[in-house]
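Below are the chains, spelled out letter by letter.
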Amino acid sequence: MDVLVGYATAQGSTRGVAERLAAGLAERGLTAEARPLESVDDADAYKAFVLGSAVHGQMWLEPARDFVRENLDVLGPRPVWIFSVGMPAALRGPWRRLAPKEVPVIEDRLPDGLRFREHRLFSGVVTRAQLPRTGRLMFRLVGGRFGDYRDWAAIDAWASEIAGALARR
């Protein structure tokens, strides 16, 4: 089965997650490729989709939202999984406990009509260089820690679940 693992990234963290998902699907016998969503010319060439984006302001990046809007007719009858990459694991205390509440907000801001089987929120990479000086200060004040928080085991496990669901189709 041809699976698009499409992504929109700001700093490259989401690309890494998408590439790992595509590799995990391929290891389980599926034909899968990770591609930036703005470079996908023919969505109809794929039989299933795993779509993801970095999250800024509790919203997917514009290229991901555009892709969904422009391809709702293709996505509708096919299996779709979605993922978001943010910074929940980089936060501590009460801020970290609020992270799961971000998922429904992200979903509400997706283009109307997108049907998907599951949505996962993964943590990405947060570096000092990604934030302006005031952003770094605010991040530290809310207990943020810089680093790579991608949970490769969770990403691999999700790829396995998706592959299993597609094999049962």
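Residues numbered from 1 in each chain as written. Predicted model: local features only at pLDDT ≥ 70, side-chain atom pairs only at ≥ 80, totals over all residues. Heavy atoms only, no water.

### Notes on the overall build of the chain
Right, so step 1: Across its full length, the chain carries seven helices and eight strands.
Right, so step 2: Taken against the 2.2 N^0.38 rule, which gives 15 Å for 169 residues, the C-alpha radius of gyration of the chain at 16 Å falls within 12% of a compact globule.
Right, so step 3: Along the three orthogonal principal directions, the C-alpha set of the chain runs to about 45 × 30 × 25 Å.
Right, so step 4: Taking all 169 residues of the chain together, the buried fraction comes to 44%.
Right, so step 5: Put simply, of all contacts in the chain between residues at least 6 apart along the chain, 77% involve residues at least 24 apart.
Right, so step 6: Total accessible area on the chain stands at roughly 8600 Å², and carbon and sulfur atoms take up 50% of it. (Helix = DSSP H or I, 4+ residues; strand = E, 2+ residues; numbered from the N terminus. Rg over C-alpha atoms; globule rule 2.2 N^0.38 Å. Buried < 20%, exposed > 50% of the residue type's maximum accessible area, 1.4 Å probe, protein only. Contact = heavy atoms within 4.5 Å. Areas by Shrake-Rupley, 256 points an atom, 1.4 Å probe, with all protein chains shown as cover.)

### Let's talk about a nonpolar patch on the surface
Right, so step 1: Judged by side-chain polarity, Leu 137, Met 138 and Leu 141 come together as a nonpolar surface patch covering roughly 340 Å² of accessible area.
Right, so step 2: Structurally, Leu 137 can be placed in helix α6 (residues 133-141). (Patch = residues over 30% accessible without salt bridge, like charges linked within 9 Å, V, L, I, M, F, W, Y side chains within 5 Å. Salt bridge = Lys/Arg side-chain N within 4 Å of Asp/Glu carboxyl O.)

### Section: the pattern of salt bridges
Right, so step 1: A complete count under the given rule lists 11 salt bridges for this structure.
Right, so step 2: For the salt bridge of Asp 2 with Lys 47, the shortest nitrogen-to-oxygen distance reads 3.9 Å. Residue Asp 2 is located in strand β1 (residues 2-8), and its partner Lys 47 is located in the loop between β2 (31-36) and β3 (48-56); the two are separated by 45 residues in the primary sequence.
Right, so step 3: Under the relative-accessibility criterion, Asp 2 is labelled partly exposed at 28%.
Right, so step 4: Using a relative accessible area of 46% as the deciding quantity, one classes Lys 47 as partly exposed.
Right, so step 5: Salt bridges here are not isolated pairs; linked through shared partners, they connect Glu 62, Arg 65, Asp 66 and Arg 69.

### Quick word on helix α7 (residues 152-168)
Right, so step 1: With 17 residues, α7 should reach 24 Å at 1.5 Å per residue; the first-to-last C-alpha distance of 24 Å fits that figure.
Right, so step 2: Among all positions in α7, only Ile 155, Trp 158, Ala 159, Ile 162, Ala 163, Ala 165 and Leu 166 are buried. Each buried residue of α7 lies within a common arc of 160° when the element is viewed along its axis, so the set occupies one face. Exposed residues lying more than 90 degrees from the buried face of α7 are Ala 153, Ala 167 and Arg 168.
Right, so step 3: In this structure, the buried residues of α7 make contact with β1, α1 (13-27), β3, β5 (80-86) and β6 (119-123). (Expected span 1.5 Å × (residues − 1). Arc of directions from axis to C-beta.)

### A short note on unusual backbone geometry
Right, so step 1: In this model, Gln 58 sits at a positive phi of 60°, which is unusual for a non-glycine residue.
Right, so step 2: Structurally, Gln 58 can be placed in the loop between β3 and β4 (59-60).
Right, so step 3: Residue classification places Gln 58 among the partly exposed residues on the basis of a relative accessible area of 32%.

### Quick notes on the side chain of Ser 53
Right, so step 1: Positionally, Ser 53 belongs in strand β3.
Right, so step 2: With a relative accessible area of 0%, Ser 53 lands in the buried category.
Right, so step 3: Each residue touching Ser 53, except ones within four places of it in the same chain, is listed here: Ala 8, Thr 14, Trp 60, Leu 61, Ala 64, Phe 83, Ser 84 and Val 85.

### Some words on the pairing of β2
Right, so step 1: Bridge count for β1 against β2 is six bridges, and the pairing is parallel. Looking across to β2, one finds that Val 3 is bridged to Ala 32.
Right, so step 2: For the handedness criterion, the β-α-β arrangement of β1, α1 and β2 is classed as right-handed. (Pairing = 2+ DSSP bridges. Right-handed = clockwise from strand over helix to strand, strands pointing away.)

Don't take any of this as a statement about function, it's just geometry.
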